[in-house]
Amino acid sequence: MELVKTEQKKFNDYLEFLDRESIKEFDGLLQQLGEKKVAMVSATGFGGGVAEILHSLVPLMNDLGLNVDWWVLSSCPNQFYNVTKTFHNCLQGQEGELVQRDREIYLHYNELNAYQMLEWNYDYIVIHDPQPAALIHYRDKKAGEKWIWRCHIDTSTPNMEYWDFLYQYISRYNACIFTMSEYVKENHGLPNLTFITPSIDPLSYKNIPLTRERAQEIVSSFGIDTNRYLISQISRFDPWKDPLGVIDVYRIVKKELPEVQIALVGSMASDDPEGWDYLYRTLRKAGEDYDIKIITNFNGITGLEVNAFQTVSDVLLQKSLKEGFGLTVTEGLWKGRPVVAGNVGGIKLQIEDNISGYLVSTVEECAEKVLHLLRNPMLSQEMSEKGREKVRKEFLVTKNVLNYLNLFVKLA
Ligand code: UDP
C-alpha cells in the first residue's frame, strides 16, 4: 500500500458554505470523536471521481482534528486492473461469466496488499469500491476496529454472479455506504446500510470561480474558438460515458448550427486500462472533423483547465448510460452552466428534468435539448441557477464530511 499526499486545507475557509445548524452539528460530532484514526483505501490517487473526492475529504477531516491517512493499492499489474474493470462493468450490469482465473487474480492482489495492513492501528478503515473490497478477507479485524465499505458505482441491476462474489466480502463489513437506495436491494441484509451522496470541493482549482476572460484564454490554448458555440463532455473514455454517442449528438446539432464545436475532455485514470481503447475509438469516430476536440491530461488538462471548459461551455453534456453519481454533472451545475445528461443513476438525484437541466435517454433527444438550450440563453440561465442552488445545499464537500462523521459516531 502507498500513502497518498494531499494538499492542506483549512476547514474555516469553508464556513461560508455552512448554515448555523450544521456548524453546531459538526461541533457535537467532533467532540464525540476526538482524535480518532481513519484509513481511507482506494485503488488510485489520480483520475476519476473517488480520487477527486478524497483529495478534499481527507485534508478537511485532518484539519478538523481526526487523523486520516489515504492509502492506495500497490504492486498491482495491469492484469489486476483489467480484472477489476470487468468487475466494475459487470457490477453495473454487463453480462459475462466470472472465471476462476479472474477470481484468483483479484484475490491474489488483495491478499498481497492486506499483508501491508498487519501493523495498522485505525479506528475506522474505509474501503472504496470493489477493487480493494476483499482486503477484509486477509486481514483479521482488530478489536474496536470498524470497517466501512463505500460503493461509488451503480449496482442497481448487477450481474448476479459478480454481485454474489463481492457480497461474501462486503457483508463482513461493519457498514456499507451506497450513493442511493435503489443501488441495493432491501433484502440483501447488508450491515448498517447508509446512503451518502458524493460531493465537490467549491474551493478547489476545479471549482473556484474563474472570470469568463480567464476561462476563455485557457480553452483558446486548446484550439477552441471562443466566438463560436461550444458544447463539452468532461469524462473518462469509457463505454458507460458514451463518448461515441456524444459525437452523434454533436453531428445532429452541427447540421442545424454549423458553427458549433465540441470538446471531449477526459483524464486517463491509472486504474482504467480500457480507457485507451475507448480513446482510440473516439478519435477514429471523430475522423477528420477538426471541430471535435479530444483532449486528455496528457495534453495538459488539470483541474483548472476542466474548470475553464465547464465555465465557458454553452452546454455541458454527461450522456452516461450508467452513472454512480456523476461529479462532472455537479461541477457543471455549480458553474451555473446548463447540463444535459443521461437519465440514469445518481444523475437523477442532481438534475430535476426540465427544471434544473434535462435528463435524456437517446442521442436524438439529447441533440434536441442541446439545440433548445443553445437557442434559448435565458432559459439556460434560469435552469442553471436552480441547479447551482441544489449543489450548494446538498453536494458540497462539507456535507460529505458531516455524513461521514455521523456514521463514525453511530458505529463508535
Ligand atoms: N476529470 C478530470 N479531468 C478530465 C476528466 C474528468 O479531472 O479530463 C474529473 C472530473 O472533473 C470529475 C471526475 O474526474 O471530478 C470524474 O468523476 P465522475 O463521478 O463524473 O466519473 P467517474 O470517472 O468517477 O466515473
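Quick note: structure is the one above.
Here the structure is a predicted model, which means the values were calculated and not measured.

**Some points on the side chain of K322**
Structurally, the position occupied by K322 is in the loop between β11 (315-318) and α11 (327-334). The buried charged residue K322 lacks any salt bridge, with D154 as its nearest oppositely charged partner at 4.0 Å. Within the structure, the side chain of K322 is placed 3.3 Å from the backbone oxygen of Q92, a separation counted as a polar contact. In this structure the side chain of K322 is engaged in a polar contact, spanning 2.8 Å, whose partner is the side chain of T157. K322 has contacts with Q92, D154, S156, T157, W240 and V344, leaving out every residue within four places of it along the chain.

**Some details on the pattern of salt bridges**
Tallied over the full model, the rule gives 20 salt bridges. Ionic pairing is found between D291 and R228, a salt bridge with its closest N-O pair at 2.7 Å. Note that D291 is positioned in the loop between α9 (274-286) and β10 (292-296) and R228 in the loop between α7 (212-220) and β8 (230-234), a separation of 63 residues in sequence. Residue D291 is classed as buried on the basis of its relative accessible area of 16%. Residue R228 is classed as partly exposed on the basis of its relative accessible area, which comes to 25%. Residues participating in the shared-partner salt-bridge network are K85, R236, D238 and E274.

**Looking at unusual backbone geometry**
One non-glycine residue, D129, adopts positive backbone phi at about 70°. Within the secondary structure, D129 sits in the loop between β4 (124-128) and α5 (135-138). Positive phi is not limited to glycine here, since N354 has a value of about 70°. The topology assignment puts N354 in the loop between α12 (347-350) and β13 (358-360).

**Comments concerning the sheet that holds strand β5 (residues 146-150)**
The strand order across the open sheet formed by seven strands is β1-β3-β2-β4-β5-β6-β7, and the pairing between neighbours is mixed. Every interior strand has two partners, whereas the edge strands, β1 (2-3) and β7 (193-195), have only one. Where strand β2 (residues 37-42) meets strand β3 (residues 67-72), six bridges bridge the pair, whose relative direction is parallel. Each bridged residue has a counterpart across the sheet, and for V38 the counterpart in β3 is V68. Its contacts with the sheet put helix α15 (residues 397-411) on β2, β4, β5, β6 (175-178) and β7, and the angle it makes with β4 is roughly 130°.

**A look at the side chain of K335**
By the secondary structure assignment, K335 is in the loop between α11 and β12 (339-342). No salt bridge is formed by the buried K335. Its closest oppositely charged neighbour is E331, at 5.3 Å. Polar side-chain contacts of K335 include one of 2.6 Å to the side chain of Q310. Contact partners of K335, with chain neighbours within four places excluded, come to K206, N207, N307, Q310 and T311.

**Structural notes on the pairing of β11**
The side-chain alternation of β11 yields two buried faces, one formed by V315 and L317 and the other by L316 and Q318. Pairing geometry for β8 and β11, over three bridges, is parallel. If you follow S232 over to β11, its bridge partner there is L316. Sheet topology places β11 next to β12; three bridges connect them, and they run parallel. Looking across to β12, one finds that L316 is bridged to V339.

Calculation criteria
Residues numbered from 1 in each chain as written. Predicted model: local features only at pLDDT ≥ 70, side-chain atom pairs only at ≥ 80, totals over all residues. Heavy atoms only, no water. Helix = DSSP H or I, 4+ residues; strand = E, 2+ residues; numbered from the N terminus. Buried < 20%, exposed > 50% of the residue type's maximum accessible area, 1.4 Å probe, protein only. Lys, Arg positive; Asp, Glu negative; His and termini not counted. Salt bridge = Lys/Arg side-chain N within 4 Å of Asp/Glu carboxyl O. Polar contact = N/O pair within 3.5 Å; in protein donor to acceptor, adjacent residues only side chain to side chain. Contact = heavy atoms within 4.5 Å. Pairing = 2+ DSSP bridges. Axes fitted to C-alpha atoms, helices over the stretch in contact; angles between N-to-C directions.

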